[in-house]
Amino acid sequence: MKQIEILKTDLPGKSSFKYFDFPKYKIEFLVYLSSDSNILVYSSFCPHYGGKLSISNNTLLCHFHDYKFNLNSGVCINKKNGLKCTSFYFLETDNSIIIPLE
Amino acid sequence: MYTSKIICENIVDCVPEVVKWNSWDIEHLKVVHKSYSNPLYLLVSPGQMLFIDSFKIPVLNLKIKSMVFSMQWSNDTQVSFSLTPFFIAKNSIKLIEMNEKKTKVQVTYEFSGNYVQKLFFPIFIYLIKKWNHTVWLEDLILKIRRQKALEYGFIDFNGLPEKLEDRYDLSTQYFLSDIPVKVNTEIDEFKHDFFMKK
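Here we summarise the structure given alongside this text.

Procedures and definitions
Residues numbered from 1 in each chain as written. Chains lettered and ligands numbered in written order. Predicted model: local features only at pLDDT ≥ 70, side-chain atom pairs only at ≥ 80, totals over all residues. Heavy atoms only, no water. Helix = DSSP H or I, 4+ residues; strand = E, 2+ residues; numbered from the N terminus. Buried < 20%, exposed > 50% of the residue type's maximum accessible area, 1.4 Å probe, protein only. Contact = heavy atoms within 4.5 Å. Areas by Shrake-Rupley, 256 points an atom, 1.4 Å probe, with all protein chains shown as cover. Pairing = 2+ DSSP bridges. Axes fitted to C-alpha atoms, helices over the stretch in contact; angles between N-to-C directions. Parallel < 35°, antiparallel > 145°, perpendicular 65-115°, else oblique. Left-handed = near helix turned anticlockwise from the far one by under 90°. Nonpolar A, V, L, I, M, F, W, Y, C, P; charged D, E, K, R; others polar. Patch = residues over 30% accessible without salt bridge, like charges linked within 9 Å, V, L, I, M, F, W, Y side chains within 5 Å. Salt bridge = Lys/Arg side-chain N within 4 Å of Asp/Glu carboxyl O. Core = buried A, V, L, I, M, F, W, Y, C linked by side-chain atoms within 4.5 Å. Buried area = accessible area lost by both parts, 1.4 Å probe. Polar contact = N/O pair within 3.5 Å; in protein donor to acceptor, adjacent residues only side chain to side chain.

1. A word on the overall build of chain B
Then, number 1: A tally of helices and strands in chain B yields five helices and eight strands.
Then, number 2: Counting from the amino terminus, helix and strand elements in chain B follow one another as β-α-α-β-β-β-β-β-β-α-α-α-β.
Then, number 3: Counting across all 198 residues of chain B, residues that qualify as buried make up 44%.
Then, number 4: A separation of at least 24 residues holds for 53% of the contacts in chain B among residues at least 6 apart in sequence.
Then, number 5: A total of about 12,200 Å² of accessible surface is found on chain B, and carbon and sulfur atoms cover 59% of it.

In structure tokens form, the structure reads like this:
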């Protein structure tokens, strides 16, 4: 099974996010580390039109069309369309997080 | 009537389909472009659209309203007709594929006016050039990103919502009923008593 490993030393600081681009696998992650050290891994592509997601005020944002998503659930909160950001399951080891790709 | 024409060309690292998507993606206008506000949609259908737009003229910072009819003329050309307080304009956006990931976008602006308006044509040309450059730069990041989405096999695209009210911000449309009108493609305009099909 293909998997991607991200070292914990490369993770963003608390309450911030970082992009990890893997052209080989044609995937780009947005990784968020919360203030209480919870890690969230999303595709950086907005589910609407593929805009680059960012995070501000605990909300996922897309600046293409001003779409906003709940940071924890990934569900769109300002448009009635039921869109949801793609989140990724991962395994956590002492030194890294491992994201399996199907 | 007097007419004048100006051609603005730009090249972008993406396929023509991405540029076409950007041209028809009206949802981004008031989000991405500083000069646009919420348009009033009068008619929408795939490949054609009629709306009243408010935008700021560069340099003068003057807000004006314009009625715009936009249509996909051919696979590679979109044509719009605009009625502004200053002139009637036609602009064509032609997409020229240069290689597998490079597109030249050729925008031709034509405008016409009477002999008084003609005196202002040099100013219009200057403002249109500036306008084109500003809008191009504001859109560029979207096109590059959309190209990356395509290259990465972006498959989360859900299409436009079925209901128009979910598709556009129609909060400004309260004063007219039943707009935007959807073009009814079922109507056969030739179906009358005297019509004979060849």
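So that's the structure; there's more coming.
2. What about the sheet that holds strand 5 (residues 53-56) of chain A?
All names here are of chain A.
Then, number 1: Read from one edge of the open sheet, three strands run 5-6-7, paired in antiparallel fashion. The open sheet has two edge strands with one neighbour each: strand 5 and strand 7 (67-70). Within this sheet the neighbouring strands show an average axis-to-axis angle of 35 degrees, counted without direction.
Then, number 2: Note that strand 6 (residues 59-62) and strand 7 share four bridges and pair antiparallel. Paired with Thr 59 across the bridge in strand 7 is Asn 70.

3. Re the sheet that holds strand 1 (residues 2-7) of chain A
Residues and elements named next belong to chain A.
Then, number 1: Strand order across the open sheet formed by three strands is 1-9-8, with antiparallel pairing between neighbours. Each of the sheet's edge strands pairs with one partner strand only, and the pair in question is strand 1 and strand 8 (91-92).
Then, number 2: Examined bridge by bridge, strand 1 and strand 9 (residues 96-101) share six bridges and lie antiparallel to one another. Note that in strand 9 the partner of Ile 4 across the bridge is Ile 99.

4. Here's the deal with the packing of helix 1 (residues 16-24) of chain B against helix 4 (residues 121-151) of chain B
Residue and element names in this part refer to chain B.
Then, number 1: Taken N-terminus to C-terminus, the directions of helix 1 and helix 4 make an angle of 130 degrees; their axes are 9 Å apart at the nearest point. In terms of their interaxial angle, helix 1 and helix 4 are classed as oblique. For the crossing formed where helix 1 meets helix 4, the hand is right-handed. When helix 1 is examined against helix 4, the residues Val 18, Val 19, Trp 21 and Asn 22 are found in contact with a partner set consisting of Asp 139, Leu 142, Lys 143, Arg 146, Gln 147 and Leu 150.
Then, number 2: Grouping the amino acids of the contact of helix 1 with helix 4 by side-chain chemistry returns five nonpolar, two polar and three charged.

5. Looking at a nonpolar patch on the surface
Residue and element names in this part refer to chain B.
Then, number 1: Taken together, the side chains of Tyr 2, Tyr 115, Val 116, Leu 119, Phe 120 and Ile 123 define a hydrophobic patch exposed on the protein surface, amounting to about 640 Å² of accessible area.
Then, number 2: For Tyr 115, the location among the structural elements is in helix 3 (residues 115-118).
Then, number 3: Since its relative accessible area comes to 60%, Tyr 115 is described here as exposed.

6. Focus on the nonpolar core
Then, number 1: Val 105, Tyr 109 and Phe 111 of chain B are the most contacted members of the largest nonpolar core, which has 33 residues in total.
Then, number 2: Elements supplying a minimum of two residues to this core: strand 1 (2-12), helix 1, strand 2 (40-45), strand 3 (48-57), strand 4 (62-74), strand 6 (88-99), strand 7 (102-113) and helix 4 of chain B.
Then, number 3: The element contributing the most residues to this core is helix 4 of chain B, with seven residues.
Then, number 4: Setting aside residues up to four positions removed in sequence, Phe 111 of chain B forms contacts with Tyr 2, Thr 3, Ser 4, Ile 6, Phe 87, Ile 88, Ala 89, Phe 121, Phe 124, Ile 125 and Ile 128 of chain B.
Then, number 5: Counting residues in each nonpolar core, the second largest holds 20 residues, with Tyr 42, Ile 55 and Cys 85 of chain A together with Leu 142 of chain B among its members.

7. Describing the interface of chain B and chain A
Then, number 1: Taken together, the 19 residues of chain B in the interface contact 24 residues of chain A.
Then, number 2: Carbon and sulfur atoms make up 55% of the surface buried where chain B meets chain A, a total of about 1,900 Å² over both sides.
Then, number 3: Interface area lost by chain B to chain A is led by Glu 27, Arg 145 and Tyr 152 of chain B, which between them contribute 36%.
Then, number 4: Summed over the shared surface of chain B and chain A, the number is three salt bridges.
Then, number 5: With a shortest N-O distance of 2.8 Å, Glu 28 of chain A and Arg 145 of chain B are connected by a salt bridge.
Then, number 6: The interface formed by chain B and chain A contains ten residue pairs in polar contact (both at pLDDT 80 or more).
Then, number 7: Mapped by element, the contributors of at least two residues to the side of chain B that touches chain A are helix 2 (29-32) and helix 4 of chain B.
Then, number 8: The dominant element in the side of chain B that touches chain A, judged by the number of residues it contributes, is helix 4 of chain B, at six residues.

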